[in-house]
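Chains, contacts and geometry: an overview
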Amino acid sequence: MANMTGLRRVLVLLTGQVVLRQVHSAIIPPPTGKYTVSRTKIEIPYVNTGDPIAPNNVTTAFLATVYYPTPKSFVGAPVPYLDPALAVLFEDAYNVTAGSFQNLTTDAIVWDAPLLKDTGYPTLLFGPAGIGPPVEMFSILLSDLASYGYTVIGADHPWEQPFIRWPNGTALYGLPPFSNPDIDPGTLYDIRVNETKALIENIPLIEKIIRGSINSTHIGTFGHSVGGGAAVRALLRDDRVASAINLDGSVIGEDQYTDAAKPGILLSEEGYADPSWGNFESAQTGWWKHLAVNGSLHVDFTDLAFWKEVTNVKEHSMSLGDINGYRQVNITRTFVRAFFDFALRGLVEPILNGPSDAWPEVIYVTGQGDP
């Protein structure tokens, strides 16, 4: 894998621990809701014989990471919030101080606890960026939604994502971070959409593993970059999906000219000028808004927004803006949750109406309809 020495990878895979710690640990921002959050990894069976990324063009499963509310009795001590091998991989990719990402911990997420009974909250399906960061590197946002009652299921496509670890402990390295493979974007979007459909169809499997009932009638999709564009495609192509959020991702092909006739938000970095967004918005007859966050850039919608406040990652990334990372985290979490509360739960959310003194960084670019 690019920028990683063989010795360092072997040490991480053999021990599953950090060998040398050169920076102090930092705790990621805790969820803001009232529920304790659990996280579980599940292998979802899905056969794709036309996968341009996988060896021999065949995949037989993908990885789901589920964030969900759990009883308050399930509370643990601080643990690393990233898989050690994933942390090392992105430390090397960003050329940051060794231990920077490995030392980030959480005391607000427990592993493999049962689902809290009878919350009745909707289910949200999340897609990460193309070729990383993977689902784990969106934990700040996903765990926050779960702390309010949502069940959030993120899907990582094997071989596309730089690293995943299967539930049985097997590590799988995929495309190097920041690589640019010759893959048709539409094909990648279709893979993501088909896996979204597979998640819905495998809700009984997920319910069995997390020991509780998931809402299968109120479903929203959201994602970042490629995951955001695929979330819109899923909204267009699956009647079971009721709403979508696109975090800074292009809407490609015929999708950009198609009326979803369902509510959604396009949430972008400052000055985002993708022509596909204008085409898409012009085609909509339902409730849609394009909001932009001043001071942000593309990667600020990932956990790296927080990382730039506690590590030197901003020195090595041109895709992180000047907005304070804690503020960006607060904006993303608040507006994503407000939209799904409105679109899936029927709540009135005034912050979606227009600019406010409380959120001066959030620019209302275009839109139609009021919550």
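See above for the structure.
Attention in this report is confined to the structure presented alongside it. These numbers come from a predicted model, not from an experiment.

Scoring rules and cut-offs
- Residues numbered from 1 in each chain as written.
- Predicted model: local features only at pLDDT ≥ 70, side-chain atom pairs only at ≥ 80, totals over all residues.
- Heavy atoms only, no water.
- Core = buried A, V, L, I, M, F, W, Y, C linked by side-chain atoms within 4.5 Å.
- Buried < 20%, exposed > 50% of the residue type's maximum accessible area, 1.4 Å probe, protein only.
- Helix = DSSP H or I, 4+ residues; strand = E, 2+ residues; numbered from the N terminus.
- Contact = heavy atoms within 4.5 Å.
- Pairing = 2+ DSSP bridges.
- Axes fitted to C-alpha atoms, helices over the stretch in contact; angles between N-to-C directions.
- Polar contact = N/O pair within 3.5 Å; in protein donor to acceptor, adjacent residues only side chain to side chain.

**Here we look at the nonpolar core**
One finds Leu142, Phe222, Phe335, Phe340 and Leu352 to be the most contacted residues of the largest nonpolar core, which totals 37 residues. Put simply, the parts of the chain that give this core at least two residues each are strand 7 (123-127), helix 3 (139-147), strand 12 (241-247), strand 13 (264-269), strand 14 (288-293), helix 9 (325-345) and strand 15 (362-368). Looking at this core element by element, the count peaks at eight residues for helix 9. Setting aside its immediate chain neighbours within four residues, leucine 142 contacts Tyr67, Phe126, Val135, Val152 and Phe222. Core analysis: the next-biggest nonpolar cluster, separate from the first, contains 30 residues, Phe62, Tyr68, Val241 and Trp288 among them.

**Focus on unusual backbone geometry**
Proline 133 follows glycine 132 through a cis peptide bond whose omega is 0°. Counting through the fold element by element, proline 133 comes out in the loop between strand 7 and helix 3. At asparagine 95, a residue that is not glycine, the phi angle is positive and equals roughly 60°. Backbone geometry at tryptophan 159 places phi at a positive 80°, although glycine is not the residue there. Note that tryptophan 159 resides in the loop between strand 8 (151-156) and strand 9 (163-165).

**Things to note about the sheet that holds strand 6 (residues 109-111)**
Through backbone hydrogen bonds, the strands of a sheet pair up, either in parallel or in antiparallel fashion. If you walk across this open sheet you meet the ten strands as 6-2-3-8-7-11-12-13-14-15, and the pairing is mixed. Edge positions in the sheet fall to strand 6 and strand 15, since each has one partner strand and no second. Neighbour-to-neighbour, the strand axes of this sheet turn through a mean angle of 20°, independent of strand direction. As judged from the five bridges shared by strand 7 and strand 11 (residues 219-224), these two strands associate in the parallel manner. Following the sheet pairing, glycine 127 is matched in strand 11 by glycine 223. On the sheet, helix 3 packs against strand 2 (36-48), strand 3 (59-70), strand 6, strand 7, strand 8, strand 11 and strand 12 and is oriented at approximately 50° with respect to strand 3. Across the sheet, helix 9 touches strand 7, strand 11, strand 12, strand 13, strand 14 and strand 15, and the angle it forms with strand 12 is around 160°.

**Remarks on the environment of alanine 146**
Structurally, alanine 146 can be placed in helix 3. Judged by its relative accessible area of 0%, alanine 146 is buried. Along the backbone, alanine 146 and valine 58 are 88 residues apart, and their C-alpha atoms lie at a distance of 33 Å. Setting aside chain neighbours within four positions, we find alanine 146 in contact with Tyr35, Val37, Tyr67, Tyr68, Pro69 and Val152.

**Topic: the environment of aspartate 156**
Topologically, aspartate 156 is positioned in strand 8. Taking the C-alpha atoms as reference points, aspartate 156 and threonine 196, separated by 40 residues in sequence, lie 11 Å from one another. At a separation of 3.1 Å, a polar atom in the side chain of aspartate 156 contacts the main-chain amide nitrogen of valine 135.

That's the geometry; what it means functionally is another story.
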